[in-house]
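# An overview of the molecular structure
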Number of protein chains: 6
Amino acid sequence: MPPSATWHPLVAAALAEDIGPGDATSCALIEAAATGVARIEAREALRVCGLELAAEVFLRCGASLDRSSTDGADAEPGDVVATIRGPARAILAGERTALNFLQRLSGIATLTRRFCAAVAETGALILDTRKTTPGWRLIEKYAVRCGGGTNHRSGLYDGILIKDNHIAAVGSVKAAVERARSRGPLALAVQVEIESLEQARAALEAGADALLVDNLPPPHIAEIVGLVAGRVPVEASGGITLETVHEIARTGVDRISVGALTHSARAVDLALEWTERSGS
Amino acid sequence: MPPSATWHPLVAAALAEDIGPGDATSCALIEAAATGVARIEAREALRVCGLELAAEVFLRCGASLDRSSTDGADAEPGDVVATIRGPARAILAGERTALNFLQRLSGIATLTRRFCAAVAETGALILDTRKTTPGWRLIEKYAVRCGGGTNHRSGLYDGILIKDNHIAAVGSVKAAVERARSRGPLALAVQVEIESLEQARAALEAGADALLVDNLPPPHIAEIVGLVAGRVPVEASGGITLETVHEIARTGVDRISVGALTHSARAVDLALEWTERSGS
Amino acid sequence: MPPSATWHPLVAAALAEDIGPGDATSCALIEAAATGVARIEAREALRVCGLELAAEVFLRCGASLDRSSTDGADAEPGDVVATIRGPARAILAGERTALNFLQRLSGIATLTRRFCAAVAETGALILDTRKTTPGWRLIEKYAVRCGGGTNHRSGLYDGILIKDNHIAAVGSVKAAVERARSRGPLALAVQVEIESLEQARAALEAGADALLVDNLPPPHIAEIVGLVAGRVPVEASGGITLETVHEIARTGVDRISVGALTHSARAVDLALEWTERSGS
Amino acid sequence: MPPSATWHPLVAAALAEDIGPGDATSCALIEAAATGVARIEAREALRVCGLELAAEVFLRCGASLDRSSTDGADAEPGDVVATIRGPARAILAGERTALNFLQRLSGIATLTRRFCAAVAETGALILDTRKTTPGWRLIEKYAVRCGGGTNHRSGLYDGILIKDNHIAAVGSVKAAVERARSRGPLALAVQVEIESLEQARAALEAGADALLVDNLPPPHIAEIVGLVAGRVPVEASGGITLETVHEIARTGVDRISVGALTHSARAVDLALEWTERSGS
Amino acid sequence: MPPSATWHPLVAAALAEDIGPGDATSCALIEAAATGVARIEAREALRVCGLELAAEVFLRCGASLDRSSTDGADAEPGDVVATIRGPARAILAGERTALNFLQRLSGIATLTRRFCAAVAETGALILDTRKTTPGWRLIEKYAVRCGGGTNHRSGLYDGILIKDNHIAAVGSVKAAVERARSRGPLALAVQVEIESLEQARAALEAGADALLVDNLPPPHIAEIVGLVAGRVPVEASGGITLETVHEIARTGVDRISVGALTHSARAVDLALEWTERSGS
Amino acid sequence: MPPSATWHPLVAAALAEDIGPGDATSCALIEAAATGVARIEAREALRVCGLELAAEVFLRCGASLDRSSTDGADAEPGDVVATIRGPARAILAGERTALNFLQRLSGIATLTRRFCAAVAETGALILDTRKTTPGWRLIEKYAVRCGGGTNHRSGLYDGILIKDNHIAAVGSVKAAVERARSRGPLALAVQVEIESLEQARAALEAGADALLVDNLPPPHIAEIVGLVAGRVPVEASGGITLETVHEIARTGVDRISVGALTHSARAVDLALEWTERSGS
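Taken together, the contact pairs 60 residues of chain B with 60 residues of chain A. Both sides together, the interface formed by chain B and chain A hides about 4,900 Å², and carbon and sulfur atoms give 57% of it. Where chain B packs against chain A, one counts 8 salt bridges. Of the charged contacts in the structure, one is a salt bridge between Arg137(A) and Asp18(B), with a shortest N-O distance of 2.8 Å.

Here it is in structure tokens:
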């Protein structure tokens, strides 16, 4: 998990927007002294992610969460992933927010797992992108890791990726790579987006650490992979789906980045079921 | 749009997580004095949502956004929805974050529009739920409105919704409705989730303002709608999809709430294209 | 009590403004190792409110508070409501801030209790208003509940109240109520401020959920109450005092809202007395 | 006014708690394009305070405030103190919060003015205390100045006030004053609360800069004033009211501190009246 | 130590800027379950300051710090000042930030101790100034106290210091002192910066509580000290170094303020050494 | 400059800690309407850094700053670097905070310039470290760039640096480098701290991107440089001073990192002088 200081504010914001001045229904209907036990269960096959966030949600509501699974593990329909204990009001207050975190993050992990499975035999890595939900960058990238994926850079600050606009501004692939080397942060690798064999050759000669081919057809990608011949990693990107990822992987690329992992994963089905209730 | 004070912190967080200490690539490759103009274009048919957030993103980066569409309008592939002007570094710094907001919110608006279209002839309203992205509650509900949908309560504080756990705690539908009336906030309507004709009858007699039927088959829903006979609105919910929503609507329910509007909308395709560049 | 996340920032701000860089007197005169025990006592008859805030104040200063009363209970002069234990410096640092919270909130609860007592035989409810101390909305509304009062809406977001300006903008009471019904949030009741029998009739016909009569003389209020005949609740407001509230209640109104509960309650007398001291 | 950074957060909190996700009534009934002009008028004789806060409230809502009075000026019933212009929704959104600030702060200024008038002939200064509304310390002290009063220390950090507990901890008035001198911040005067002539004598000998007599009867105060003979200022405090303040002042004390200025001032009557409306 | 609420945000900011999304090296190389023990040792003779900040740093990282020295104590090369225990990743994450706090604050304490030692025989106090590191005011002033120094005012709010610009604005030393007396906060002493015997005389006559001579040669200072003859404290300031401070002190001034204590102290040498490691 | 969002909070904190509730002296002595003009002048030869922070300080106080120099330029004694215009109270309120920023950051830039000059002929780069003032990381690294230095990683997140503890945990240099490559972020270079020729050889073979030699004597460093023979950059560190840096550079190392640039730079002398005053 990323450092808690990076996601605690999101948990606070999430509870504030859902509970606001108070849970009108539960405050009217549930006695303050009533307690309960509830379980969070998988309702479909999924890869679990987000238990620490769910635990923090319930903690802030006054209940406690015990895990019976871990982030990165698989769950089958009916599997219990966590048990919640505490005041009934606290469980009801945290339920929706905790599930919203779990369902979205597990959805990303589950989708990532599918992409990884689809290319497993090829050795290609599945990477995420910066197409994440604003405010969720680090926890979505964590979900990708839980799904077996590999993280691309976290943001604009911890990786150099030279795109067409940068090349246009500098004048050539060669000039762009050299300038990135000499003026960019010392510890950052320099990746270049290239659109042709010629650009690939220029990037290699200029000393690029990795290449990116965006939205090229598989045969074209294969040609570039052949040219590079393993000297640096080649990454493919551009609207890649579960249907097309295997064909892309078979071109021999080392890395495949998939925006859909984070921008279009659907929430998976997890539900909270009460198992005990007392004193209501 | 919700009050800016409610979403400005999310914009700040989004930029902070993407840019952090700085854009390593652009600072190395783009001169501080270089300027540019870029357009945000639709790449598929979609309902626009999020222009004010995108404008705020670019403003904070030092560029400015002019709209050529409005939230709630439809766009065809190729339509320009906004034009950005300013320092090239500023445009590059804000690009990904602005698109992440626009693509997700327009995705929700677009999906909502489809659900609304699917039930248009029936008069049923399409409602959202509390299954929103944590941190995004108010802007996602705004996206639902842009798509033609209707908002359910914003959170636990501005609507009373008595669910099975509440009824179990109090003992009966009747007791639950009465207690909500007498102890709940004066200005909030009381909606009850019911599972049978008998519960529906009890809720009506106890004076409920609206009913909710969750995960019942259409014929069962129709029976309840018949019993209620228009005295209070009836809402249906539970895993409803674009494929099933029309059948649900034909039962005569007044409202259909769809968690997928917000928890599983895919991002729609919007892209930023440069049209001018100078001084790089 | 409202969720702690809603009032913790106020406690932090209160301590920061009183203590700032440090308690100059105590740091000079009291040894860090000195400890003490002190009691908070009522100096007049009052309704207690604010113990959880006082406890949080002392907790943040490094002392602990044990309650011997509860919010919503009555205290006679001399009654001990809480005992504080801890470092002498911590008790001295928190004393004024804790008392400031307790005295103001107990003042509101005490005044509310008096208003409730004044109308007890009539069955009318005493309501608060939005005339609260900025920054204190939720805790002052809690104090009203502790005094036996009933909360009106928390803010502009959780209740619809159509006032003269809204009616003027829309054109008629009828149009205003209908528009509020169709465009306002689904779960919010629609209350209308009316000034005449005619407006009352129009509001009822348009389906208003509650009426408000502001600053009308009792006979006029009684006439409106007669017209409404119990179909919806009628609320009276407008400069109502402990002297006039009984006459208002006798008109038969269901609810009486009193701005003075929160905007003009005087602080009640509670004081901190040391009972033990050691190691100074 | 205190630095804006010290009270801007309170304005933000006040608007957030009143408006939250949005003004349900106005969003339903008032068109976004409607504009208006409104005046804030005094409804009773009062001393104005809080115009800069009210201006900030309306600014954040999207309207603008023009002053026709100034903080510290007197207003008669019917006097206009400010005019608001802007979108009708913006004026309605800010109205209650702006008035809540103005009514409370003007209430404090008005009450302070009365206390000052009551002792005008004696030359005694009227001082505030630390019995302020938590979160409002600096603006309430500003309101006291607007009313003609003088500020005591802002908090525990910018003045030394040795009370009975401090003396008990150190052992004697003499030891307490000496320790405060040698260990306390260099730039802070040392004031001592004394209960007898003997203690007054000891404090003077030890070099106290000012004395405080709390809850002593006027003859006793006069005796102490006589002893001190103008060498240092003498302050009286303890439940002083408009009825008793003159008698206290006639004892010859230099300063009279009154907790009621801030803890029990009632809100004065100011109201917002619309004068123009268009485009609704 | 100043109240923790005043420096906790700095600790949070310090960790955020160093760790950000995570410690790339340790997350890759150190197992999550690995634990360790490390010691913080002095590498030169120094005065310790900052242990509570270091403890907070490690606490937030998930490790714990046990002290074997205290703030204000002296350490010789090789002395262990604290021991850290916890997950190896936590110790590595907090190491640099904790040392950065300790090295800077101990550096200030150590330099202050040297200045105090240089004037020990004279009885002059060594004071700090407002030339502190922005964001560090209170903890740097604490470090000065740990070094044996005395704090000047904390900021512009808790002491009156009339400088040349103030005198120029008012017209004369006399007018400036009188106005400060009558309009300034009651509890603050009035110090005046004077440049000549004549000004010193005027300040004394006007009732100044303390004088400041800035950048005058020692004989000139001595003359002023002679004139004042102990009636009020005299402070000297202006580029005073370890080399010159003794000569300044011998003029008989009571206080010597030294900006270099905080603006130019070098970091002292403290290092973290591992003593145990397991489970890596 | 780093993004303003990263340092605005520090400016706010700095003003809050210096001004707090208000400038007691200026509020008493300077009329609100008085205005002035003042210049910030260099009092010694220095490299300028921090003008944007100083401008922000004065802006927040209500004055404006015009630059007559730029960050990264050199100034001689007497050179004016900026002119401030505005209310006299605003200039006095911002003076100390603005100078504190300028003096410290210019001090770092000036010291860095000296280190760069000392090695100019060798081609070695002067690097900073993570030994920065907590809360100041990004602006101190900016000051290093203004002085001609080169930034090492910003924090633990944007560069991999394998130290002795990491090697000990993994078992060998080879294993450590390989694990960093396979498990660390894709875009980060892998630097290894080595202590011997043997370790250098192992690191090169394992594919390290850069080496670090810490606290080795120059001949030993030269030997390692010889072994590496330009294949990867070699960095030297460890207590390097202006006296020793040239000898280190002559070993042929590519980079020299100097903690003293940020942890022990002394403030340079810049002062604010008034040139006009009116209406006081």
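Below, the discussion takes up the sheet that holds strand S3 (residues 64-67) of chain B. Residues and elements named next belong to chain B. The strand order across the open sheet formed by 4 strands is S3-S5-S1-S12, and the pairing between neighbours is antiparallel. Looking at which strands have only one partner, the edges of the open sheet turn out to be S3 and strand S12 (270-278). Shown here is a sheet whose adjacent strand axes are inclined to one another by a mean of 20°, direction ignored. The pairing of strand S1 (residues 35-42) with S12 spans 8 bridges and is classified as antiparallel. Within S12, the position partnered with threonine 35 by the bridge is serine 278. Along the sheet, helix H3 (residues 51-61) makes contact with S1, S3, strand S5 (80-87) and S12, crossing S3 at roughly 155°. Against the sheet, helix H4 (residues 88-118) makes contact with S1, S5 and S12, and its axis sits at roughly 160° relative to S12, the strand it touches most.

All names here are of chain C. Secondary-structure assignment places leucine 270 in strand S12 (residues 270-278). With a relative accessible area of 4%, leucine 270 lands in the buried category. Placed 149 residues apart in sequence, leucine 270 and glutamate 121 show a C-alpha to C-alpha distance of 30 Å. Those residues in contact with leucine 270 that lie beyond four places of it in its chain are Ile40, Glu41, Ala42, Arg43, Leu46, Val81, Leu99, Leu102, Gln103 and Ser106.

What follows covers the packing of aromatic side chains. One pass over the full model with this rule turns up 9 aromatic pairs over all chains. Judged by centre distance (5.7 Å) and plane angle (75°), the ring pair of Tyr157(A) and Tyr157(F) falls under edge-to-face. Residue Tyr157(A) is located in the loop between helix H5 (137-146) and strand S7 (160-162), and its partner Tyr157(F) is located in the loop between helix H5 (137-146) and strand S7 (160-162); the two belong to separate chains. You'll find Tyr157(A) and Tyr157(F) in the same group, each marked buried. One cation-aromatic arrangement involves Arg104(C) over Trp136(C); the distance from NZ or CZ to the ring centre is 5.7 Å.

Superposing chain F onto chain A takes a rotation of 180° plus a shift of 0.0 Å along the axis, which leaves an RMSD of 0.0 Å. Taken together, the rotation and translation describe the operation of a two-fold axis. A high fraction, 100%, of the interface residues of chain F reappear at the interface in chain A, so the copies pair face to face through one surface.

Another point: unusual backbone geometry. Although it is not a glycine, Asn215(A) adopts a positive phi angle of roughly 60°. What makes Asn215(A) exposed here is its relative accessible area of 55%. Phi at Ala229(D) is positive, roughly 55°, even though this residue is not glycine. Tracing the backbone shows Ala229(D) in the loop between helix H9 (218-228) and strand S10 (234-237). Residue class for Ala229(D) comes out exposed when judged on its relative accessible area of 57%.

Let us look at the sheet that holds S12(C). Residues and elements named next belong to chain C. Taken in spatial order, the 4 strands line up as S3-S5-S1-S12 in an open sheet, and their pairing is antiparallel. With partners counted over all chains shown, the strands left at the sheet margins are strand S3 (64-67) and S12, one partner each. Taken over all neighbouring pairs, the strand axes of this sheet differ in orientation by 20° on average, direction set aside. Pairing of strand S1 (residues 35-42) with strand S5 (residues 80-87) involves 7 bridges; the strand directions are antiparallel. Bridge pairing links valine 37 to arginine 85 in S5. Contacting S1, S3, S5 and S12, helix H3 (residues 51-61) crosses the sheet at an angle of about 155° to S3. Of the strands in this sheet, S1, S5 and S12 are in contact with helix H4 (residues 88-118), which crosses S12 at around 160°.

Time to look at the arrangement of the chains. Taking C-alpha atoms only, the smallest gap left between chain A and chain D, which are not in contact, amounts to 9 Å. Separated throughout, chain C and chain F approach each other most closely at a C-alpha pair spaced 9 Å apart.

Our next topic: the nonpolar core. Ranked by size, the top nonpolar core spans 575 residues in total, and within it Ile256(A), Ile256(B), Ile256(C), Ile256(D), Ile256(E) and Ile256(F) carry the most contacts. Excluding residues within four positions of it along the chain, Ile256(F) makes contact with Val119(F), Ala124(F), Leu125(F), Ile126(F), Leu127(F), Ala236(F), Ile240(F), Val245(F), Ile248(F) and Ala249(F).

Turning to the interface of chain F and chain A, a few remarks are in order. Taken together, the contacts link 11 residues of chain F with 11 residues of chain A. Counting the surface lost from both chain F and chain A, the interface buries some 930 Å², and carbon and sulfur atoms represent 68% of this. Considering only the side of chain F, the residues that lose the most area to chain A are Asp158(F), Leu186(F) and Ala187(F), jointly responsible for 54% of the buried surface there. Linking chain F with chain A are 0 salt bridges. Applying the counting criterion to the chain F and chain A interface returns 2 residue pairs in polar contact (both at pLDDT 80 or more). Split into classes, the residues belonging to the side of chain F that touches chain A amount to 6 nonpolar, 3 polar and 2 charged.

Right, let's talk about the pattern of salt bridges for a bit. Counted according to the given criterion, the structure contains 90 salt bridges over all chains. Overlapping salt bridges, with partners in common, bring together Asp18(A), Arg130(B) and Arg137(B) in one network.

The subject of this paragraph is the domain arrangement of chain A. All names here are of chain A. The domains assigned to chain A are domain 1 (4-115 + 266-278) and domain 2 (120-263). Placing a centre on the C-alpha atoms of domain 1 and another on those of domain 2 gives a separation of 35 Å. Contact residues are listed per partner, giving 19 residues for domain 1 and 22 residues for domain 2. Taking both sides of the interface into account, the surface hidden between domain 1 and domain 2 amounts to around 1,700 Å²; carbon and sulfur atoms contribute 75%. Our enumeration of links across domain 1 and domain 2 arrives at 1 salt bridge. With a shortest N-O distance of 3.0 Å, glutamate 140 and arginine 104 are connected by a salt bridge.

How each quantity is defined
- The numbers attached to residues start from 1 for each chain and follow its sequence in the written order.
- Written order determines the labels here, with chains lettered from A and ligands numbered from 1.
- Under the rules for a predicted model, residues below a pLDDT of 70 receive no local features and side-chain atom pairs below 80 are neither given nor counted, while totals for whole chains, interfaces and linings still include all residues.
- Only hydrogens and water are removed before side-chain values are computed, so all heavy atoms of the structure are retained for them.
- Whether two residues are in contact is decided by their heavy atoms, any of which lying within 4.5 Å being enough.
- Accessible surface is computed with a 1.4 Å probe, and the buried area is the amount of it that two parts give up when combined, taken over both parts together.
- Should a side-chain nitrogen of Lys or Arg be within 4 Å of a carboxyl oxygen of Asp or Glu, the pair is scored as a salt bridge.
- DSSP bridges decide pairing: two strands pair if at least two such bridges lie between them.
- We count a stretch as a helix when DSSP gives it H or I for four or more residues in a row; a strand needs E for two or more, and each element gets its number in order from the N terminus.
- Simply put, an axis is a line fit to the C-alpha atoms, just over the touching stretch for a helix, and the angle between two N-to-C directions goes from 0 to 180 degrees.
- Buried, partly exposed and exposed residues are distinguished by accessible area as a fraction of the type maximum, computed with a 1.4 Å probe on protein chains only: under 20%, between the cut-offs, and over 50%, respectively.
- We call Phe, Tyr and Trp rings a pair once their centres come within 6.5 Å, taking the six-membered ring for Trp, and we label the pair stacked below 30 degrees between planes, edge-to-face above 60, and tilted otherwise.
- Note on geometry: a ring has a charge over it if NZ (lysine) or CZ (arginine) is within 6 Å of the ring centre and within 35 degrees of the ring normal.
- When the copies are superposed, the least-squares fit draws on C-alpha atoms of residues that have pLDDT of at least 70 in both.
- Residue types Ala, Val, Leu, Ile, Met, Phe, Trp, Tyr and Cys, when buried and joined through side-chain atoms within 4.5 Å, form a set referred to as a nonpolar core.
- For this analysis, a polar contact is any N or O atom pair within 3.5 Å, provided that within protein one partner can donate a hydrogen and the other can accept it, and provided that sequence-adjacent residues contribute only side-chain to side-chain pairs.
- Each residue receives one of three labels: charged for Asp, Glu, Lys and Arg, nonpolar for Ala, Val, Leu, Ile, Met, Phe, Trp, Tyr, Cys and Pro, and polar for the others, Gly being one of them.
- Domain delimitation in this document rests on an assignment produced automatically or drawn from a domain database.

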